[in-house]
Every structure is written in structure tokens, then in C-alpha cells.
Amino acid sequence: MQLKIKPSKLQSFILVIVLIFFSGNIINANPGLSEEALETRSQKIYKGIRCLVCQNQSIEDSSAGLAKQLKVIIKELLNQGYTDQEIRDYLVERYGNWILLKPPFNLSTSALWVLPFIILFFALIFGTIYIYNKSKNQKETSNNQLKKEEEKELSKILGDFR
Amino acid sequence: MKKNLLFIIPILIFTLVSIFLAIGLFLKPKEIPSALIGKRIPTFELPKISKELNGLSEKDLISGKPVLVNIFASWCGPCRIEHPLFMELAKNQEITILAINHKDNPNNAIRWLNMYGNPYKKIGSDLNGRVSIDFGVYGVPETFVIDGNGCIQYKHISVLTKEILNKEILPRLNGKKHVKCN
């Protein structure tokens, strides 16, 4: 079969351009999330997720089986359009707050978050009182001149060194 | 008197710290409390490992009476240690033991069960471990108690012992210490 209208060079050029343009969308199944954005977002989430089998490592640092699998799942969820918080919630729902390297602030963790500040507060108060008293004592004692006898004794001791 | 009080403060702090450290000594950080207790089981459908054995889906877990779900694998050493306990439990017709075969080659699982016996009524093959993740599993073996309505009651991590079985699992299979799901 032969085409009745032979496309001009310009027309075929435009066709090719248009096809290339659309093919991008076909390859990249999720047009909203580029490969790069996916990578940076997933990396950010990985850093905050505890590797459950290696305890104090994030899944980003770990190559344990479960960590690898969680990474795959996180990427999957990102591709499905989950927000970062929704992904964290997804994991917390299954594994509890323990899976987050940074524990969230709630009633059971309040002591953890607040205690350092309380301790700092008391330390500052006691510190200022201590320093204040010390300097007050020093002022009082510095006014005290040596007694005559003490003066004599001191010059005697110093005299021994000459 | 004031001097004495000052001496007491460090001793007090020391005692407090020691108490916390002593408590810390007896914690088991490896055993993460399950976030899923008091929650409903996830929906899932796992294929069978062989023609003769059934697969496992969430419907099998909602049978009207409490069931045990054991996560096991043929490659898992500790699973072999707890296996005789399940074999003994299986003699009791009242108790339903189900299993999820975790990231295991079905052929190996079948060979393993032929060698050591099969205490499980139904086994689902979780090849990629995805269903296990929905169950909050992070290592094998793990054992769940699920009530008749699909509400997760208890989870034991690592090898099941007779002590845990008698103290925690059997009472829950009999409907005691029940946790409600909302």
C-alpha cells in the first residue's frame, strides 16, 4: 500500500519530535515523580527508618534482607503517590514507633523529650545560685584584712625562703 | 546539717541511675513489642506450598475461635528448636495451628515438614515476605495468637518455649486476657 500524500520532511520531523515527547511519558510510568526526585525523597525517608534487625542503623546504611525489602516497599509506595508522612505511618502501623529513628513526641515519649530541658533548667538555677553565693562570699572575705599576728607569721614564713 | 544534705544528693542521683541501669539490664531490646496487638489482621491470600496442603488467607484466621499462626522457614535454625512443641500442640484437636512459610523455597519447606512432621492445618507460602511485613514480622520464628474475629492478641518473637506457651499463649487460646479490636 502506498501513501497518497507523501509527508514532507518537516512533517515527519514534527511527528518524530511529538513521538519522542510522548514516549517519555510511556517509559516514565509516573510522570509526577522523576527518577531523581524519587531517589532524593526515598533517601530522606530511609535515613529516618530503623533497620529492625540491626537495631541502631538506619535502613539506608544497612544491607540486611529486611532493610532492603523495606527500601523496595518505600519506593513502591512513593510511586503510588504516598506522602512521606503516610509512608512513615504505614511502617509505624506495622512495627510501632520503634521503627522511627527519631521518636515522635507523644505522651509515652514526653519524658524522653522534656527531661533534658528540665535538667538543664535546674542546672542553670543551681549554677547561678552557687556562683552568686560564691562571689558574695568572696567579696566579704576580700574585705577582711590580715590581722597583725597573721601578718607577722606570713613575713616570717616568707623570710624563710629568702 | 546543710553539708550533710549536699552529700546525700550525689548518693541519691547515683542510686537513681543504678536503678535505671539495673532495669535496663533486664530489658530485651531485641524483642520489639508488636504494634499490631489489638489490631485486625491484614487482608492477604497466600498460595499453597504443595498440592496436598492448603494455602492460607485471612478468612482461615477468622474461624470463630482463636488460632495460632506460626511464621517459619526451612532455612531457619531456631524454627527447628520450637518445632517439637508445635508437634505436641497439634495432638490437641482443639488447637488450630496455621503457618506462614516465610521467604522459603516451597520444595525445601515440604522436605522440612516431611522430615520433622507437619503440625500445621494450613500453610501459606510468603515467597517475598510481603505478607510477613504486613504482620510486622522482622525475623523468624514468630508466633501470633489471633482471636476468632481476626483480632491479634499476642505475638511471641523467636523460639517458643514451654514456659511462654503455658503462661501467655494457652490462656489466650482459651479466650483469657482478651484484647478488643476497635
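Residues numbered from 1 in each chain as written. Chains lettered and ligands numbered in written order. Predicted model: local features only at pLDDT ≥ 70, side-chain atom pairs only at ≥ 80, totals over all residues. Heavy atoms only, no water.

Visitor: Now, about the overall build of chain B: what can you tell me, with residues and values included?
Guide: Within chain B, the regular secondary structure consists of six helices and seven strands. Put simply, chain B runs from its N terminus to its C terminus through helices and strands in the order α-β-β-α-β-α-β-α-β-α-β-β-α. Out of the 182 residues belonging to chain B, those deemed buried represent 46%. At a minimum sequence separation of 6, the contacts of chain B that also span at least 24 residues come to 73%. Approximately 10,300 Å² of chain B is accessible, and the part contributed by carbon and sulfur atoms is 62%. (Helix = DSSP H or I, 4+ residues; strand = E, 2+ residues; numbered from the N terminus. Buried < 20%, exposed > 50% of the residue type's maximum accessible area, 1.4 Å probe, protein only. Contact = heavy atoms within 4.5 Å. Areas by Shrake-Rupley, 256 points an atom, 1.4 Å probe, with all protein chains shown as cover.)

Visitor: Could you give me a rundown of the pattern of salt bridges, with the residues and numbers involved?
Guide: Residues and elements named next belong to chain A. One pass over the full model with this rule turns up 11 salt bridges over all chains. Two residues, Lys44 and Asp84, come together in a salt bridge whose shortest N-O distance is 3.8 Å. In this pair, Lys44 is assigned in helix H2 (residues 35–47) and Asp84 in helix H4 (residues 84–95), connecting sequence segments 40 residues apart. Given the relative accessible area of 13%, Asp84 is considered buried. The residue Glu93 makes a salt bridge to Arg94 at a minimum N-O spacing of 3.7 Å. Three or more residues joined by partner-sharing salt bridges are found here, namely Arg41, Lys44 and Asp84. (Salt bridge = Lys/Arg side-chain N within 4 Å of Asp/Glu carboxyl O.)

Visitor: How would you explain the sheet that holds strand E3 (residues 67–72) of chain B if you had to name every residue and give the values?
Guide: Residue and element names in this part refer to chain B. With respect to topology, five strands assemble into an open sheet ordered E5-E4-E3-E6-E7, the strand pairing being mixed. Each of the sheet's edge strands pairs with one partner strand only, and the pair in question is strand E5 (122–126) and strand E7 (152–157). Direction aside, the axes of adjacent strands within the sheet are offset by 20° on average. Here five bridges tie strand E6 (residues 142–146) to E7, and the two strands are oriented antiparallel to one another. Within E7, the residue paired with Val145 across the bridge is Tyr154. Sitting on the sheet, helix H3 (residues 77–90) touches E3, strand E4 (96–102) and E6, and the angle it makes with E3 is about 155°. (Pairing = 2+ DSSP bridges. Axes fitted to C-alpha atoms, helices over the stretch in contact; angles between N-to-C directions.)

Visitor: How would you explain the nonpolar core if you had to name every residue and give the values?
Guide: Ranked by size, the top nonpolar core spans 42 residues in total, and within it Leu61(B), Leu68(B), Phe135(B) and Ile146(B) carry the most contacts. Of all the secondary-structure elements, those providing two or more residues to this core are E3, H3, E4, helix H4 (106–116), E6, E7 and helix H6 (162–173) of chain B. Once residues lying within four places of it in the same chain are set aside, the contact partners of Ile146(B) are Ile41(B), Leu61(B), Lys65(B), Pro66(B), Val67(B), Val69(B), Phe135(B), Cys151(B), Ile152(B) and Gln153(B). Grouped together as the second largest cluster of nonpolar side chains are 24 residues, Leu66(A), Leu77(A), Leu78(A) and Ile99(A) included. (Core = buried A, V, L, I, M, F, W, Y, C linked by side-chain atoms within 4.5 Å.)

Visitor: Requested: an account of unusual backbone geometry, with residues and values cited.
Guide: Of all residues except glycine, most have a negative phi; of all peptide bonds, most are trans. Residues and elements named next belong to chain B. Looking along the chain, the bond that leaves Val140 and enters Pro141 is cis, with omega of -5°. Position of Pro141 relative to the elements: it lies in the loop between helix H5 (130–134) and E6. Unlike most non-glycine residues, Ser158 shows phi in positive territory, near 70°. With respect to the helices, strands and loops of the structure, Ser158 is situated in the loop between E7 and H6.

Visitor: Hey, could you go over the confidence of the model for chain A for me, with residue numbers and the actual values?
Guide: Taken residue by residue, chain A gives an average pLDDT of 82. The fraction at 70 or more is 83%. The element-level mean pLDDT for chain A is lowest in helix H1 (residues 9–27) of chain A, coming to 67, with H4(A) highest at 91. (pLDDT = per-residue confidence, 0-100.)

Visitor: Lay out a negative patch on the surface in plain terms, naming residues and giving numbers.
Guide: All names here are of chain A. A surface patch of negative charge is lined by Glu149, Glu150, Glu151 and Glu153. Relative to the assigned elements, Glu149 resides in helix H6 (residues 148–161). We classify Glu149 as exposed; its relative accessible area is 68%. (Patch = residues over 30% accessible without salt bridge, like charges linked within 9 Å, V, L, I, M, F, W, Y side chains within 5 Å. Lys, Arg positive; Asp, Glu negative; His and termini not counted. Charge placed at Lys NZ, Arg CZ, Asp CG, Glu CD.)

Visitor: How would you summarise the interface of chain B and chain A if you had to cite specific residues and measurements?
Guide: Taken together, the contact pairs 16 residues of chain B with 16 residues of chain A. In total, chain B and chain A occlude about 1,300 Å² of area from one another, counting both sides; carbon and sulfur atoms represent 52% of this. Where chain B meets chain A, there are two salt bridges. For the pair chain B and chain A, the number of links is six residue pairs in polar contact (both at pLDDT 80 or more). A class-by-class count of the residues in the side of chain B that touches chain A yields seven nonpolar, four polar and five charged. (Buried area = accessible area lost by both parts, 1.4 Å probe. Polar contact = N/O pair within 3.5 Å; in protein donor to acceptor, adjacent residues only side chain to side chain. Nonpolar A, V, L, I, M, F, W, Y, C, P; charged D, E, K, R; others polar.)

Visitor: Residues and numbers for the confidence of the model for chain B, please.
Guide: Interpreting fine coordinate detail is not advised for predicted regions of low pLDDT. On average, residues of chain B score 90 in pLDDT, and 96% of them reach the 70 mark or higher. Ranking the helices and strands of chain B by mean pLDDT puts E3(B) first, with 95, and helix H1 (residues 2–26) of chain B last, with 87.

Visitor: Go over the pairing of E4(B), please, and point to the residues and values.
Guide: Residue and element names in this part refer to chain B. Among the seven residues of E4, seven are classified as buried, and the element is accordingly described as predominantly covered. Of the two faces of E4, the one carrying Thr96, Leu98, Ile100 and His102 and the one carrying Ile97, Ala99 and Asn101 are both buried. Crossover handedness for the path E3 to H3 to E4: right-handed. Here E4 runs beside E5; their pairing, made up of five bridges, is parallel. Paired with Leu98 across the two strands is Lys122, which belongs to E5. Between the parallel elements E4 and E5, the chain passes through H4 in a crossover that is right-handed. (Right-handed = clockwise from strand over helix to strand, strands pointing away.)

Visitor: An account of H4(A) is needed here, citing residue identities and associated values.
Guide: The first and last C-alpha atoms of H4(A) sit 17 Å apart over 12 residues, in line with the 16 Å expected at 1.5 Å per residue. Every buried residue of H4(A) is listed here: Asp84(A), Ile87(A), Tyr90(A), Leu91(A), Val92(A), Arg94(A) and Tyr95(A). Packing partners of the buried residues in H4(A) comprise H2 and helix H3 (65–79) of chain A together with H5 of chain B. After H4(A) finishes, the residue Gly96(A) shows a positive phi value of roughly 85°. (Expected span 1.5 Å × (residues − 1).)

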